[in-house]
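Below are the chains, spelled out letter by letter.
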Amino acid sequence: MLEKALTGSKRYWTWIFILLAIIGVGFINYLRQFDYGLGITGMSRDVSWGFYISQFTFLVGVAASAVMLVIPYYLHDFKTFGKVVILGEFLAIAAVTMCILFIFVDLGQPMRVMNVILHPTPNSILFWDAMVLNGYLFINLIVGWTTLTADRKGVPPPDWVKPLIYLSVPWAVSIHTVTAFLYAGLPGRHFWLTAVMAARFLGSAFASGPALLIILCLIVRKVSKFDPGKEAIQALGKIVTYAMFANVFLLGLEFFTAFYSQIPGHMHPFVYLYAGLDGYSKLVPLMWMSTILAIVSLIILVNPNMRRKENMLAFACVAVFISLWIDKGFGLVVGGFVPNMFERVTEYWPSLPEALITLGIWSIGFLVLTILYKIAIAVREQTASWPELH
Amino acid sequence: MSINRRKFLKIAGASALFGLTGASAIEELLTTNAEASVSPGPEALTAKRWAMVIDVSKIKTKEDYEKIIHACHSIHNVPDIGNKKDEVKWIWEEEYENTFPGVSDEFIPESIKHKPFLALCNHCAKPPCVRVCPTKATFKRPDGIVAMDYHRCIGCRFCMAACPFGARSFNWRDPRPFIKEKEENKEFPTRMKGVVEKCTFCSERLARGLKPACVEKSNGALVFGDLEDSNSEVRKVLSANYTIRRKPEIGSGPSVYYVIGGNEHA
Ligand code: SF4
Ligand code: SF4
Ligand code: SF4
């Protein structure tokens with residue numbers, strides 16, 4: 001089926017080459033980082049994780065959100081999702097690929113990455129995260145590929161793949177829960193040491209992932225003859241609405257606990273992020289942008305008349321995605337490190353090479369996504385006239 | 001740059017040949033763990049749980065502090081990179097309010113509030129850094145010392161996020177150019193970029209029957225000994241003075257104690 005990615009319009013190839021060019025720039029910068037060390041980034045002794053780990057955290061959520069399609073479609077026989085479920089699974093593959101790359105570029109000694117397997121350490125959450133992430137990639141590759149192959153042949157997917165599909169549901173929850181445990185189990189980091197961390201991760205994941213999927217569906221419909229279906233998009237919109245409310249609610253709980261208890265250690269990271277601490281306030285404009293986007297998106301989403309207009313929905317989805325990207329793909333990680341263990345503030349901002357490497361990995365993700373979607377769409381266009389199979 | 005690139009290509013080639021697993025395994029075979037290779041001789045100092053008591057009232061001048069810090073950093077080849085972002089440090093000065101956040105109060109004597117304290121790894125009884133390390137590159141020895149294997153560390157910095165005391169440093173860049181040549185201690189390994197390091201409680205000196213370097217240079221302000229031996233020097237100081245530890249509420253069980261008052265030791 002791969003050959004389907006090799007034929008395409010001029011627009012398709014332009015897009016591919018733009019991505020390849022950005023990947024090239026990212027790769028050159030990675031070589032520089034490999035040579036010089038991670039000091040090339042904006043990270044420091046005090047803020048020892050930055051952009052890479054926060055992108056990883058954010059994208060685990062995007063990957064996990066595929067279950068929001070798998071559950072209704074496979075468990076509740078919600079036929080409307082028949083056409084989008086493959087898009088969700090392929091989005092998960094692209095997202096996990098980016099996650100693994102972000103972890104890799106964050107390592108100080110990348111050539112030793114296999115030490116995680118050579119010296120397995122079950123008490124380390126990072127060990128489990130590596131296991132579940134690779135497992136999830138594997139499951140989605142098999143499921144996505146087999147169902148699509150079956151589709152092309154016009155037969156239902158083989159029976160043996162069903163258990164894997166069911167397994168993918170708890171597995172998706174596990175990848176994001178385990179990722180939350182990376183943070184939520186660390187003593188001394190008040191911002192992260194919260195029992196609702198995993199729940200909030202899932203809430204924001206089930207909002208940002210489907211929001212991205214809606215945007216992707218609309219693009220796919222524009223650039224191809226494949227239509228994921230108006231109802232499917234609207235159903236996704238409802239998922240985004242509920243999940244976004246859950247996420248904002250959980251964030252509100254964090255605020256309450258910090259500020260009603262008035263425990264300084266709990267308040268400081270929030271004060272730093274939203275108001276600035278000791279005169280340091282680099283992240284304040286971003287965090288407020290995230291807040292405003294969240295409010296705007298919720299106003300649109302909660303209002304059925306607005307949500308039903310596709311351009312309004314698209315706007316709301318972009319707002320949700322950016323809002324959550326700032327919140328989780330930036331603020332969450334930095335907030336845990338500020339102030340430091342000595343109550344001093346060291347600020348963080350990504351360096352140019354760091355930003356370019358990050359952009360390069362996002363482009364790899366989009367390249368994988370484009371190729372997978374191209375194949376899926378080609379198969380779907382071919383079989384568009386055939387009756388629904390599953 | 002060209003050498004590094006050649007090295008990179010070589011490594012890249014080798015890993016393509018062996019697969020990454022093979023390459024890491026071979027690297028581990030070829031490198032010897034410099035600390036492990038110091039096998040304790042008959043004169044070695046041993047303990048069930050090493051601990052330190054720091055009597056800050058006995059460290060008076062700026063020179064006193066510098067002497068202690070320099071003793072550690074010079075024999076352990078700790079680089080002086082000269083900027084805060086890339087900083088590597090094993091033992092350093094912090095003010096009282098920063099060392100004990102949440103404990104300080106505005107009405108305590110000025111002399112204590114802004115008194116420098118010494119911060120270093122606490123060699124915790126239940127070290128969070130060890131708990132989170134995915135490769136066992138940081139591990140707890142039977143004598144309570146939390147040690148590092150620089151050849152196994154993948155540089156994920158999970159341990160830095162986990163340490164509640166900010167005791168760990170990462171080599172953001174190659175530290176070797178920042179070690180003053182005439183000061184380099186050839187008997188102690190230098191580190192490479194991309195690994196984490198911290199105070200080792202001078203395990204390499206204990207193996208040769210020597211007390212830690214900082215203790216030796218402290219004129220009695222730093223006391224070192226076995227916490228589980230009721231006759232040890234640390235236990236004597238602990239039973240005669242009111243001591244505090246950093247963030248005991250976290251439950252990691254720091255093995256570094258501080259005396260603030262300045263009674264004569266028993
Ligand atoms: S002080 Fe930090 S680095 Fe040292 S043992 Fe405790 S947790 Fe680990
Ligand atoms: S940076 Fe090294 S020592 Fe620290 S957790 Fe990672 S592998 Fe272990
Ligand atoms: S015990 Fe040794 S390694 Fe630790 S601070 Fe003192 S001199 Fe440095």
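Residues numbered from 1 in each chain as written. Chains lettered and ligands numbered in written order. Predicted model: local features only at pLDDT ≥ 70, side-chain atom pairs only at ≥ 80, totals over all residues. Heavy atoms only, no water.

Could you clarify how one ought to interpret the nonpolar core in this entry?
As a rule of thumb, nonpolar side chains are buried together in soluble globular proteins. Counting residues in hydrophobic clusters, the biggest one holds 195 residues, and the most contacted among them are Y183, W192 and Y373 of chain A together with M52, I54 and L222 of chain B. Broken down by element, the residue count for this core peaks at 15 residues, all from helix 8 (residues 197–223) of chain A. When near neighbours in sequence (up to four residues on either side) are disregarded, Y183 of chain A contacts W49, I53, T57, W192, M197, F201, L332 and V333 of chain A. Residues V53, V223, L227 and V237 of chain B belong to the second largest nonpolar core, which totals 9 residues. (Core = buried A, V, L, I, M, F, W, Y, C linked by side-chain atoms within 4.5 Å. Buried < 20%, exposed > 50% of the residue type's maximum accessible area, 1.4 Å probe, protein only. Helix = DSSP H or I, 4+ residues; strand = E, 2+ residues; numbered from the N terminus. Contact = heavy atoms within 4.5 Å.)

Quick question: what am I supposed to make of the site of ligand 2 here?
Near ligand 2, the surroundings consist of C133, P134, T135, A137, M148, C153, I154, G155, C156, R157, C159 and V196 of chain B. Counted by class, the shell around ligand 2 contains 9 nonpolar, 2 polar and 1 charged residues. (Near = heavy atom within 4 Å. Nonpolar A, V, L, I, M, F, W, Y, C, P; charged D, E, K, R; others polar.)

Any chance you could explain the pattern of salt bridges here in plain terms?
In a structure, side chains of opposite charge can pair up when their charged atoms sit close to one another. Tallied over the full model, the rule gives 18 salt bridges over all chains. In this structure, the salt-bridge partner of R221 of chain A is E310 of chain A, at a minimum N-O distance of 2.3 Å. Of this pair, R221 of chain A sits in helix 8 while E310 of chain A sits in helix 13 (residues 310–337); the two residues are 89 residues apart in sequence, bridging distant segments of the chain. For E233 of chain B, the salt bridge is made with K211 of chain B, and the minimal N-O distance between the two is 3.8 Å. (Salt bridge = Lys/Arg side-chain N within 4 Å of Asp/Glu carboxyl O.)

Explain the packing of aromatic side chains to me, please; I cannot follow it from the model alone.
Here a ring pair, both rings aromatic, is described through the centre-centre distance and the interplanar angle of the planes. Under the defined criterion, the tally for this structure stands at 38 aromatic pairs over all chains. Ring plane angle 40 degrees and centroid distance 5.4 Å describe the contact between F330 of chain A and W349 of chain A, whose orientation is recorded as tilted. Placement of the pair is F330 of chain A in helix 13 and W349 of chain A in the loop between helix 13 and helix 14 (352–382), with a sequence separation of 19 residues. Residue W349 of chain A is classed as partly exposed on the basis of its relative accessible area of 41%. With centroids separated by 6.3 Å and ring planes inclined at 25 degrees, the aromatic side chains of W362 of chain A and F366 of chain A adopt a geometry described as stacked. With W362 of chain A and F366 of chain A both in helix 14 and 4 residues apart, this pair spans about one turn of that helix. When its relative accessible area of 14% is taken as the criterion, W362 of chain A is described as buried. What makes F366 of chain A partly exposed here is its relative accessible area of 27%. Across from the ring centre of W92 of chain B, 4.8 Å away, lies the NZ or CZ of R45 of chain A, which sits over that ring. (Phe/Tyr/Trp six-rings, centres within 6.5 Å; stacked < 30°, edge-to-face > 60°. Lys NZ or Arg CZ within 6 Å of the ring centre and 35° of its normal.)

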